[in-house]
Amino acid sequence: MCSYLVCFRDNCREKYPIDSVLYQCPRCGGLLEASYRWDAAGVSGWKTLWRNRRLDNSALEQSGVWRYRESIPFLQDISRVVTLREGNTPLLPAPLAAQYAGLDALTFKHQGFNPTGSFKDNGMTCGVSQAVQLGRTLVGCVSTGNTSASMAAYASAAGLKPVIFLPHGNISFGKLSQALEYGALTLQVHANFDQILAFVRQIADRAGLYLLNSINPFRIEGQKTIAIEMLDQLDWRAPDWVVMPGGNLGNCAAIGKGFLEMHELGLIDRLPRIAVIQSAGAAPFYEFMKAPGEDKFRAVESPETLATAIRIGNPVSWPKAWSVLRRTNGTVERASEQEIADAKAVIGRAGIGCEPASAATLAGIRKLVASHIIRREDHVVGVLTGNVLKDPDYIYRYHTGQLKTPGGKPITSTYGNKPVEVTADADAVVGMLTKL
Ligand SMILES: *Cc1c(COP(=O)(O)O)cnc(C)c1O
Ligand SMILES: [Zn+2]
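Just so it is clear, the model here is predicted, and its values are computed rather than measured.

Peer 1: How should unusual backbone geometry be read in this particular structure?
Peer 2: Negative phi values dominate among residues other than glycine, just as trans dominates among peptide bonds. A positive phi angle is found at Asn88, which is not glycine, with a value near 55°. Unusually for a residue other than glycine, Asn329 sits at a positive phi of about 55°. Note that Asn329 resides in the loop between helix H12 (318–327) and strand S12 (331–335).

Peer 1: What should I look at first to understand the coordination of the zinc ion (ligand 2) in this one?
Peer 2: Octahedral metal centres with six donors ideally show angles of 90 or 180 degrees, and tetrahedral centres with four donors ideally show 109.5 degrees. For the zinc ion (ligand 2), the full set of protein donor atoms is Cys7 (SG), Cys12 (SG), Cys25 (SG) and Cys28 (SG), and the range of their distances to it is 2.3 to 2.4 Å. Metal-centred angles of 96 to 116° between the four donor atoms at the zinc ion (ligand 2) mark the site as tetrahedral. Going along the chain, you hit the donors of the zinc ion (ligand 2) in the pattern C-x4-C-x12-C-x2-C. Taken together, the positions of Cys12 in the loop between strand S1 (3–7) and strand S2 (15–17) and Cys25 in the loop between S2 and strand S3 (32–36) put the pair 13 residues apart, joining distant regions of the chain. With relative accessibility at 13%, the residue Cys12 sits in the buried group. The class for Cys25 is buried, based on a relative accessible area of 3%.

Peer 1: Which parts of the structure should I look at to understand helix H9 (residues 217–233)?
Peer 2: Every α-helix winds through 3.6 residues per turn, so residues three or four apart in the chain are directed the same way. Given a rise of 1.5 Å per residue, 17 residues ought to cover 24 Å, and the 25 Å separating the end C-alpha atoms of H9 matches this to within 8%. The buried fraction of H9 amounts to 16 of the 17 residues, a majority that puts the element mostly inside the structure. In this structure Asn216 caps H9, since a side-chain oxygen of it lies 2.9 Å from the backbone nitrogen of Phe218. Asp235 sits one or two positions beyond H9 and adopts a positive phi of about 50°.

Peer 1: Got a minute to help me understand the packing of helix H5 (residues 120–133) against H9 in this structure?
Peer 2: Relative orientation and spacing of two packed helices are given, respectively, by the angle between their axes and the distance between those axes. Taken N-terminus to C-terminus, the directions of H5 and H9 make an angle of 140°; their axes are 7 Å apart at the nearest point. Taken together, the axes of H5 and H9 are oblique relative to one another. The two elements H5 and H9 cross, and the hand of that crossing is right-handed. In this structure, H5 uses Lys120, Asn122, Gly123, Met124, Cys126, Gly127 and Gln130 to contact H9, whose residues at the interface are Phe218, Arg219, Gly222, Gln223, Thr225 and Ile226. Each residue belonging to the contact of H5 with H9 can be placed in one class, and the counts come to four nonpolar, seven polar and two charged.

Peer 1: Just checking my understanding: could you explain the sheet that holds strand S6 (residues 138–142) for this structure?
Peer 2: Where strands meet in a sheet, backbone hydrogen bonds hold them as pairs that are either parallel or antiparallel. If you trace the four strands from one edge of the open sheet to the other, you get S8-S7-S6-S9, paired in parallel fashion. The open sheet terminates on both sides in strands that have one partner only, identified here as strand S8 (185–189) and strand S9 (209–211). Between one strand and the next, the sheet's axes are offset by a mean angle of 30°, whatever the strand orientation. Strands in contact with helix H6 (residues 146–158) are S6 and strand S7 (161–167); relative to S7, the strand with the most contacts, it is inclined by about 165°.

Peer 1: Help me understand the pairing of strand S13 (residues 380–384) in this model?
Peer 2: Two faces, one strand: in a regular strand the side chains alternate between the faces of the sheet. The buried fraction of S13 amounts to five of the five residues, a majority that puts the element mostly inside the structure. With burial as the criterion, each face of S13 is covered, one bearing Val380, Gly382 and Leu384 and the other bearing Val381 and Val383. Sheet analysis places strand S5 (residues 107–110) next to S13, joined by four bridges and oriented parallel. Note on S13: the bridge partner recorded for Lys109 is Val383. Pairing between strand S10 (residues 241–245) and S13: three bridges, direction parallel. The partner of Trp241 across the bridge, within S13, is Val380.

Peer 1: What is the right way to look at the sheet that holds S3 in this model?
Peer 2: Within the open sheet, the three strands sit side by side as S2-S1-S3. Their pairing is antiparallel. Only two strands of the sheet have a single partner each, and these edge strands are S2 and S3. Across the sheet, the mean angle from the axis of one strand to that of its neighbour is 40°, orientation sign disregarded. Pairing of S1 with S2, which is carried by three bridges, proceeds in the antiparallel orientation. Among the inter-strand pairings, Leu5 is bridged to a residue of S2, identified as Tyr16.

Peer 1: What am I meant to see in the packing of aromatic side chains here?
Peer 2: To describe a pair of aromatic rings, you give the distance between the ring centres and the angle between the ring planes. All chains considered together, the criterion is met by 15 aromatic pairs. Taking the ring centre of Phe8 as reference, the NZ or CZ of Lys320 above it sits at 5.9 Å. Taking the ring centre of Tyr100 as reference, the NZ or CZ of Arg366 above it sits at 4.1 Å.

Peer 1: Quick question: what am I supposed to make of the packing of H5 against H6 here?
Peer 2: Relative orientation of the contacting elements H5 and H6 amounts to 45°, with a least axis distance of 9 Å. Viewed along their axes, H5 and H6 adopt a mutual orientation that is oblique. Note on packing geometry: the crossing formed by H5 with H6 is right-handed. Counted together, Lys120, Asp121, Met124, Thr125, Val128 and Val132 of H5 and Asn146, Thr147, Ser150, Met151, Tyr154, Ala155 and Ala158 of H6 form the full contact between these two elements. Residues belonging to the contact of H5 with H6 are distributed by class as follows: seven nonpolar, four polar and two charged.

Peer 1: Can you help me understand the nonpolar core in this one?
Peer 2: Inside soluble globular proteins, nonpolar side chains tend to come together where they are buried. One finds Trp66, Phe74, Val139, Ile164 and Phe165 to be the most contacted residues of the largest nonpolar core, which totals 51 residues. Discounting residues that sit within four places of it in the chain, Phe165 has contacts with Cys141, Val142, Ser143, Leu187, Val189, Ile196, Val200, Ile203 and Leu209.

Peer 1: Just to check I follow, could you spell out the site of ligand 1 for this structure?
Peer 2: Around ligand 1, a shell composed of 15 residues is seen, among which Lys120, Asn146, Gly247, Asn248 and Thr385 lie nearest. Within the backbone of Gly247, a nitrogen or oxygen atom sits 2.8 Å from an oxygen atom of ligand 1. The backbone of Asn251 places a nitrogen or oxygen atom 2.8 Å from an oxygen atom of ligand 1. Contact with the protein chains hides 94% of the accessible area of ligand 1, taken as 380 Å² for the molecule alone. Of the residues belonging to the shell around ligand 1, the class tally is five nonpolar, eight polar and two charged.

Conventions used here
- For every chain, the first residue of the written sequence is number 1, and numbering continues from 1 onward in sequence order.
- Going through the entries in the order they are written, you letter the chains from A and number the ligands from 1.
- Restriction of local features to residues with pLDDT of at least 70 applies here, the model being predicted, together with a cutoff of 80 or more for giving and counting side-chain atom pairs; totals for whole chains, interfaces and linings are based on all residues.
- Only hydrogens and water are set aside when side-chain values are computed; all heavy atoms of the structure are taken into account.
- Elements are defined by DSSP. Helices are runs of H or I of four residues or more, strands are runs of E of two residues or more, and each kind is numbered from the N terminus.
- Metal coordination here is assigned from N, O and S atoms located within 2.8 Å of the ion, or within 3.2 Å for Na, K and Ca; omission of water means that sites may look incomplete.
- Square planar and octahedral assignments, for four and six donors respectively, both demand that opposite donors be over 155 degrees apart and that all other angles lie between 65 and 115; tetrahedral needs four donors with all angles between 85 and 135 degrees, and anything else is irregular.
- Each residue is placed in one exposure class: buried if its accessible area under a 1.4 Å probe, protein chains only, is under 20% of its type's maximum, exposed if it is over 50%, and partly exposed if it falls in between.
- By this rule, a helix spans an expected 1.5 Å times one less than how many residues it contains.
- In the analysis that follows, any N or O atom pair within 3.5 Å is treated as a polar contact, provided that within protein one partner can donate a hydrogen and the other can accept it, and provided that, for residues neighboring in sequence, both atoms belong to side chains.
- To get an axis, fit a line to the C-alpha atoms, keeping to the stretch in contact for a helix; angles then go from 0 to 180 degrees between the N-to-C directions.
- Roughly parallel covers angles under 35 degrees, roughly antiparallel covers those over 145, roughly perpendicular covers 65 to 115, and oblique covers all other angles.
- The handedness criterion is simple: a crossing whose near helix is rotated anticlockwise from the far helix by less than a right angle is left-handed, and one whose near helix is rotated clockwise is right-handed.
- Residue contacts are counted whenever heavy atoms from the two residues lie within 4.5 Å of one another.
- Note on residue categories: nonpolar means Ala, Val, Leu, Ile, Met, Phe, Trp, Tyr, Cys or Pro, charged means Asp, Glu, Lys or Arg, and polar means any other residue, Gly included.
- Pairing between strands is defined by DSSP: at least two bridges between them are needed.
- The pairing test for Phe, Tyr and Trp rings, Trp by its six-membered ring, is centres within 6.5 Å, and the orientation test on the planes gives stacked under 30 degrees, edge-to-face over 60, and tilted for anything in between.
- Two limits define a charge over a ring: the Lys NZ or Arg CZ must be within 6 Å of the ring centre, and within 35 degrees of the ring normal.
- In this text, buried Ala, Val, Leu, Ile, Met, Phe, Trp, Tyr and Cys residues form a nonpolar core when linked through side-chain atoms within 4.5 Å.
- One heavy atom within 4 Å of a molecule or strand makes the whole residue count as near it.
- Each accessible area is a Shrake-Rupley result for a 1.4 Å probe, and residues are judged covered by the shown protein chains and nothing else.

These values are about where atoms sit, not about what they do.
See below:
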């Protein structure tokens, strides 16, 4: 057995076969993670192997996840992978955003370039491939957002049936519409998010439903390759800082695991520091990190933020994210609705664009530079998690001065760009254009 699931709790570390259908450690309730006995002999050849695969047109090598499959060797049968050619996301230099943040330079790794428009695809190709490997035909998740959009696409592409559970009435249309289009059975349940989660856990085994919520350890494996692809693109020079938004904290856990494993295996000679940015209205991890401790985590009762992808009060992956921050000398920051909205508009003006949660990255970098935690000359990579088109309503409201915080406070359109009404008067319009 060269791959297995292991309990994440230091005082447990119980191991389970890789093909167990478990979402938590049966012994202690801890999170599970995939772990491997690496074939050390091959590791020195990985960089060249991975680079050369970019020249290969086969499906597996065209995927920015499976190209790095030696780093995620949990599947017995690689021929049954389901891929939509996820990953392959660009590193984009953004001088305008760097200037805004007070940095000499800033690069974004834009996960919004994925097939369904978010980094969830990096994880879902692995989660759904594992479902296929296990012989499952029904997969499910509780989500109103990018997880359901991604799961629906990958499950349908694999010929499985996706089932999405969501709270009645609490819907974000941009993302939900993707799930509908990709053919998910969508169940609106009369209960709140946490109740639905408990309900689905309870019925999953009886219904034969394989759960692809964020604690699924195979999704974490796929998201790990965001770090690996980044290093490949940087010719294996680790940045000083890698910064990302934090909701359920699965992405921090995954990207951190990627860097830590690459470091352990000797593919990089130092670790980047990881920074997680939360929205001020949903910042339990920020509060926790002020005075961390094993039993000190306090959930936020009713999290509120316009950055819906990080509107999470009780992030399931906090123990893993805490471990990543300890081991990488990382940090956590929070950003207000105004700060996120302005950072988002700056990313837009740079010709890049992203969804609200992603912009927390830039808002947080700016604050960490101002407080001298990140230095002006540091090599910083910011992860943009989702596509600009995920939330067009937010964008229109911001640029037309109608955006309000969840509490009803107006957000200033610092970088607003309103449509301008004109009559079809040639002289007037030409006069206007020639003054630009
Ligand atoms: C899921 C998601 C997040 C939050 O990631 P976590 O792993 O839950 O911390 C941030 N941004 C976008 C666009 C997402 O879809
Ligand atoms: Zn355990």
